[in-house]
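What follows is each chain in one-letter form.
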Amino acid sequence: VCHKQKEPILSIHGHEFKHPGPKDKMIGTLVVLFYLMFPSILSGITTAMSCTTYGPKGSEVSRVLLDATLTIQCYKLVHITMLITVLLPSFAVFAILMPAAVVLAMRSHYKSQTLLPHQKDFDPTACYRYGFLFLGYEQEMYGWEVLVMMRKASFVVTSGLLRPYGPVAQVVGASIILIFSLSLHLQLSPYDSKGHDRMESYSLHCGILILMFVLLSSIVGRDISGKLG
């Protein structure tokens, strides 16, 4: 006689739930992998979009070449085809659609009272899938880690796109991102621990301070005409 094996049961607050299955583990793993690979993916996309002008600008010998492959001229047929067919769709998928899908999935669980342990219809599988992103934050800030991810990505995109304009432009772009991030952090204090809020505040302040010293050091000693470039 064959006995059907019962599925393992998890008990929380007097309620019984099934343990996360293979699908939940797969989704949780994909979320972690996407979080870790996100900056590298955008770095590759940005590199393929970054161009540099070689030769005197406006002259006949001047060429705008793709940094990743100097045999390709930017904004010509080959480069435009690559942008339309590969780079822009990849950017839309990895930088817009996938983060939006994760946030909407967490929002759906939050609205249905199944995301967080204190909610009445809490489902451990939802926490297992997306807990890597929202555990440690205030309950209303379950999507904050996605904003942190976008902040890291914006550094990569800014540094790549502004590289042809020199380090000063890169530092100014990074400073704008950090100032905006610090303003949001000080207003919302997203972590559920005040100590973590202070640590993040110190980190953002130090980042801005370092960038300001870098900007100052790049200017001191130059022959400045007094005009803004």
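To start, this report covers the structure provided alongside it. This structure is a prediction, so every number in the text was calculated from the model and none was measured.

Cut-offs and rules
- Residues numbered from 1 in each chain as written.
- Predicted model: local features only at pLDDT ≥ 70, side-chain atom pairs only at ≥ 80, totals over all residues.
- Heavy atoms only, no water.
- Helix = DSSP H or I, 4+ residues; strand = E, 2+ residues; numbered from the N terminus.
- Buried < 20%, exposed > 50% of the residue type's maximum accessible area, 1.4 Å probe, protein only.
- Contact = heavy atoms within 4.5 Å.
- Axes fitted to C-alpha atoms, helices over the stretch in contact; angles between N-to-C directions.
- Parallel < 35°, antiparallel > 145°, perpendicular 65-115°, else oblique.
- Nonpolar A, V, L, I, M, F, W, Y, C, P; charged D, E, K, R; others polar.
- Core = buried A, V, L, I, M, F, W, Y, C linked by side-chain atoms within 4.5 Å.
- Phe/Tyr/Trp six-rings, centres within 6.5 Å; stacked < 30°, edge-to-face > 60°.
- Polar contact = N/O pair within 3.5 Å; in protein donor to acceptor, adjacent residues only side chain to side chain.
- Disulfide = S-S within 2.5 Å.
- Salt bridge = Lys/Arg side-chain N within 4 Å of Asp/Glu carboxyl O.

### Topic: the environment of Phe132
For step 1, the next point in the chain: With respect to the helices, strands and loops of the structure, Phe132 is situated in helix H3 (residues 124–134).
For step 2, the next point in the chain: Exposure remark for Phe132: the relative accessible area of 42% places this residue in the partly exposed category.
For step 3, the next point in the chain: Taking the C-alpha atoms as reference, Phe132 lies 7.1 Å from Val32; in sequence the two are 100 residues apart.
For step 4, the next point in the chain: Here Phe132 is in contact with Val32 and Tyr35, once residues within four sequence places are set aside.

### What about the packing of helix H2 (residues 77–111) against helix H4 (residues 144–162)?
For step 1, the next point in the chain: Here H2 crosses H4 at 170°, and the two axes come no closer than 11 Å. What the angle tells us is that H2 and H4 run roughly antiparallel. Two secondary-structure elements touch here, H2 through Phe91, Ala95, Pro99, Val103 and Met106 and H4 through Val146, Met150 and Val157.
For step 2, the next point in the chain: Taken together, the residues that form the contact of H2 with H4 break down as eight nonpolar, no polar and no charged.

### Considerations on the nonpolar core
Side chains of nonpolar character tend, in soluble globular proteins, to be buried together.
For step 1, the next point in the chain: The biggest cluster of nonpolar side chains holds 23 residues, and the ones touching the most others in it are Leu42, Met106, Leu115, Tyr130, Leu133 and Phe134.
For step 2, the next point in the chain: Looking at this core, the elements with two or more residues in it are helix H1 (22–49), H2, H3 and H4.
For step 3, the next point in the chain: A per-element tally of this core places H1 first, with seven residues.
For step 4, the next point in the chain: Not counting residues up to four positions away in its chain, the partners in contact with Leu115 are Met106, His109, Tyr110, Phe122, Ala126, Cys127, Phe134 and Tyr142.
For step 5, the next point in the chain: In terms of nonpolar packing, the next biggest core, distinct from the first, is built from eight residues, Ala174, Leu178, Leu204 and Ile208 among them.

### What about the packing of aromatic side chains?
For step 1, the next point in the chain: The final tally for this structure, using the stated rule, is four aromatic pairs.
For step 2, the next point in the chain: Centroid distance Tyr35 to Phe132: 5.3 Å. Interplanar angle 75°. Geometry classified as edge-to-face. Highlighted residues: Tyr35 in helix H1 and Phe132 in helix H3, separated in sequence by 97 residues.
For step 3, the next point in the chain: Note on Tyr35: relative accessible area 15%, which makes it buried.

### Topic: the side chain of Asp67
For step 1, the next point in the chain: In this structure, Asp67 sits in the loop between strand S4 (63–66) and H2.
For step 2, the next point in the chain: Only 2.6 Å separates the side chain of Asp67 from the side chain of Arg163, close enough to count as a polar contact.

### Quick look at the state of the cysteines
For step 1, the next point in the chain: Under the counting rule described, the total for this entry stands at one disulfide.
For step 2, the next point in the chain: Shown here is the disulfide that connects Cys51 with Cys74, its sulfur atoms set 1.9 Å apart. Negative torsions about the S-S bond denote left-handed disulfides, and the value of about -100° found for Cys51 with Cys74 makes this one left-handed. One end of the pair, Cys51, is in strand S3 (residues 51–54); the other, Cys74, is in the loop between S4 and H2, and 23 residues separate them in sequence. Comparing Cys51 with Cys74 shows no difference in burial state: the two are buried.

### Focus: H3
For step 1, the next point in the chain: Across the eleven residues of H3, nine count as buried, placing the element largely inside the fold.
For step 2, the next point in the chain: Among the residues of H3, those classed as buried are Pro124, Thr125, Ala126, Cys127, Arg129, Tyr130, Gly131, Leu133 and Phe134.
For step 3, the next point in the chain: Of the residues trailing H3, Gly136 is marked for its positive phi of about 100°.

### Section: the pattern of salt bridges
For step 1, the next point in the chain: Taken as a whole, this structure holds three salt bridges when the rule is applied.
For step 2, the next point in the chain: Across the salt bridge formed by Asp24 and Arg129, the nearest N and O atoms sit 2.7 Å from each other. In this pair, Asp24 sits in helix H1 while Arg129 sits in helix H3, placing the two residues 105 residues apart along the sequence.
For step 3, the next point in the chain: Arg151 is paired through a salt bridge with Glu200; the nearest N and O atoms lie 3.2 Å apart. Remark: Glu200 occurs in helix H6 (residues 194–219) and Arg151 occurs in helix H4; sequence separation between them is 49 residues. Comparing Arg151 with Glu200, the two get one shared label, buried.

The analysis is restricted to geometry; functional conclusions fall outside its scope.
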